[in-house]
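The residues making up each chain are set out below.
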Amino acid sequence: MEITLNGKSVPVQGEATVLEVARREGIWIPTLCHHPGLPPYGACRLCIVEVKAGGRQGLTASCTLPPAEGLVVETDSPRVRERRKVLVQLLLAVVRDAPEIRELARRLGVEKAPFKPPEEKRECILCGLCVRVCETAGNSAIGFAFRGSQRRVSPPFGKAAADCIGCRACAKVCPTGAVRFEQAGDRLTGEPWQADLQVARCTSCGRPLAARLLLDFARKKVVCSDFEGLCPACRRRKVARSVKRRG
Amino acid sequence: MNTAEVREIIARHPEPEGRVAAILEEIQKKYRHLPEEALRIVSGELGVSLTRLYGVATFYAAFSLEPKGEHLISICHGTACHVKGAKNLAERWEREVGIKEGQTTADGMFTLEAVRCLGCCSLAPVFSIDGKTYGGVKPDQVPEVLGEWKGGGGR
Ligand code: SF4
Ligand code: FES
Ligand code: FES
């Protein structure tokens, strides 16, 4: 199958979306709610492209657009650029200080932020990355709740995240820095989920390693008994010791 | 809330399709809200995360986590009703029942809620009480309607 990207005919090599094809071809399309390891969601709309022929014409999100024979797509047309700018301006109104958003604004040539920020301060843009990564890699401790202007990401009943295992995947994927984990002594706390977890220490050197629940969780998922309870440094030492010099 | 009752409701819905919503609807109907404990049972029995259930429970206006009153007064704020004075009507209701929209009276008799378009705009302004629809009612007629429901009539 072939599609046309920015006037050039390119093959589809099993990619599920136009975004993936473009990336493989080295074409930059900005994204905020996309992660290659997670199911597509289509929330941020930054990845919009213009379909010229071979499908429903107009602007559409490339992260959820499956390639089809004869599809003609522009990834950087004036319409696309204009619309992306507005999207970034809206994002800037909500999370002006997030480095990833600022970088996006810079790259897309957005200088002004004409929209008024919401009354109550927010850090979350509802991209849903943390929710999806928690479902996929973590323990479904957080999810979307409420709707409309009230929509937010929250642990069940707005209480402390009882199912959080402290994997921190949410903090890793969050594009705005809205999720923060902090380790102090033997506690690992995660905000805004109100997570509070016991930290396990390396069974050899005693250095803090990771949340105890995470280790339990990992043990159930991966079979790798050798490294149990050891920190990376002690693990390396153990492996090194087990390797014998030849001759 | 009674654990056995909740389990019985779940058992009555063996089909996987649309199961969650149907079960939650029944629980909501029975207890006039979704008790946290009931959601925990549903989560355990169906293998659906509590996080997901909480999302569903807070997304749909038909569900509530707080107990609703015995009678549910839904005031339409859809476009047509808005134009036809839903605001005045709602204010009158609030005054007569002594609570704001979204609240329940202390005696658990009435809940006032704001809804969007009840689907009979030609009767605007519209409100419904326990599913019975009232159209074209003037604010001054509110005490009369309320009286009927207070007396145990209305239905
Ligand atoms: S907390 Fe971060 S990752 Fe989660 S939805 Fe909000 S912006 Fe996205
Ligand atoms: S990356 Fe496609 S909508 Fe967000
Ligand atoms: S707007 Fe009230 S019934 Fe449609």
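This report concerns the structure included in the present document. Everything quoted here is computed from the prediction, not taken from an experiment.

**Thoughts on the overall build of chain B**
The helix and strand tally for chain B stands at seven helices and four strands. Sequence-ordered secondary structure for chain B, helices as α and strands as β, is α-α-α-α-β-α-α-β-β-β-α. By its C-alpha atoms, chain B is 50 × 30 × 25 Å across when sized along the principal axes. Taking all 155 residues of chain B together, the buried fraction comes to 41%. Across chain B, every contact between residues at least 6 apart in sequence was considered, and the portion connecting residues at least 24 apart equals 60%. When the accessible area of chain B is evaluated, it comes to approximately 8,300 Å², of which 50% is carbon and sulfur surface. Separation of charge centres in chain B, based on 19 positive and 21 negative side chains, amounts to 4 Å.

**Some remarks on the overall build of chain A**
Along its length, chain A carries seven helices and 11 strands. Principal-axis analysis of the C-alpha atoms places the extent of chain A at approximately 60 × 60 × 30 Å. A buried classification covers 41% of the 247 residues belonging to chain A. Across chain A, every contact between residues at least 6 apart in sequence was considered, and the portion connecting residues at least 24 apart equals 48%. For chain A, the exposed surface amounts to about 14,200 Å²; the carbon and sulfur share of it is 51%. Side chains of chain A give 42 positive and 25 negative charges; the mean places of these two sets differ by 5 Å.

**Digging into the packing of aromatic side chains**
Both the distance between ring centres and the angle between the ring planes are used here to describe each pair of aromatic rings. In this structure the tally under the stated criterion is seven aromatic pairs over all chains. Taken together, a centroid distance of 5.0 Å and an interplanar angle of 75° make the contact between Phe59(B) and Tyr60(B) edge-to-face. Among the residues examined, Tyr60(B) registers a relative accessible area of 44% and is labelled partly exposed. For the ring pair Tyr60(B) and Phe63(B), a centre distance of 6.3 Å and an interplane angle of 90° mean the geometry is edge-to-face. Put simply, the rings of Phe146(A), Phe157(A) and Tyr54(B) touch in pairs and so form one group of aromatic residues. In this arrangement the basic side chain of Arg152(A) is found over the ring face of Phe146(A), its NZ or CZ atom lying 4.2 Å from the centre.

**Things to note about helix 3 (residues 36-46) of chain B**
All names here are of chain B. The complete set of buried residues in helix 3 reads Ala38, Leu39, Ile41, Val42, Ser43 and Leu46. Lining the buried residues of helix 3 we find helix 1 (3-11), helix 2 (19-31) and helix 4 (50-59). Of the residues one or two after helix 3, Gly47 is the one with positive phi, at around 70°.

Cut-off values and rules
Numbering of residues begins from 1 in every chain and follows the order in which that chain's sequence is written. To read the labels, note that chains go from A and ligands from 1, taken in the order they are written. Local features in a predicted model are, by the rule used here, given only for residues with pLDDT of at least 70; side-chain atom pairs are given and counted only at 80 or more, and totals for whole chains, interfaces and linings are based on all residues. Values shown for side chains rest on all heavy atoms present in the structure; no hydrogens or waters enter the calculation. By the criteria applied, helices consist of DSSP H or I runs no shorter than four residues and strands consist of E runs no shorter than two, each listed in order from the N terminus. The buried label applies to any residue whose accessible area, calculated with a 1.4 Å probe on protein chains only, is under 20% of its type's maximum; exposed applies above 50%, and partly exposed to all values in between. Any pair of residues with heavy atoms lying within 4.5 Å of one another is described as a contacting pair. Each accessible area is a Shrake-Rupley result for a 1.4 Å probe, and residues are judged covered by the shown protein chains and nothing else. None of His or the chain ends enter the tally, which takes Lys and Arg as positive and Asp and Glu as negative. Where a charge lies is defined by one atom per residue type: Lys uses NZ, Arg uses CZ, Asp uses CG and Glu uses CD. For this analysis, a ring pair means two rings from Phe, Tyr or Trp (six-membered ring only for Trp) whose centres lie within 6.5 Å, classed as stacked if their planes differ by under 30 degrees, edge-to-face if by over 60, and tilted for the remaining angles. Both a distance and an angle decide whether a charge sits over a ring: NZ of Lys or CZ of Arg must be within 6 Å of the ring centre and within 35 degrees of the ring normal.

Keep in mind these numbers describe shape, not what the thing actually does.
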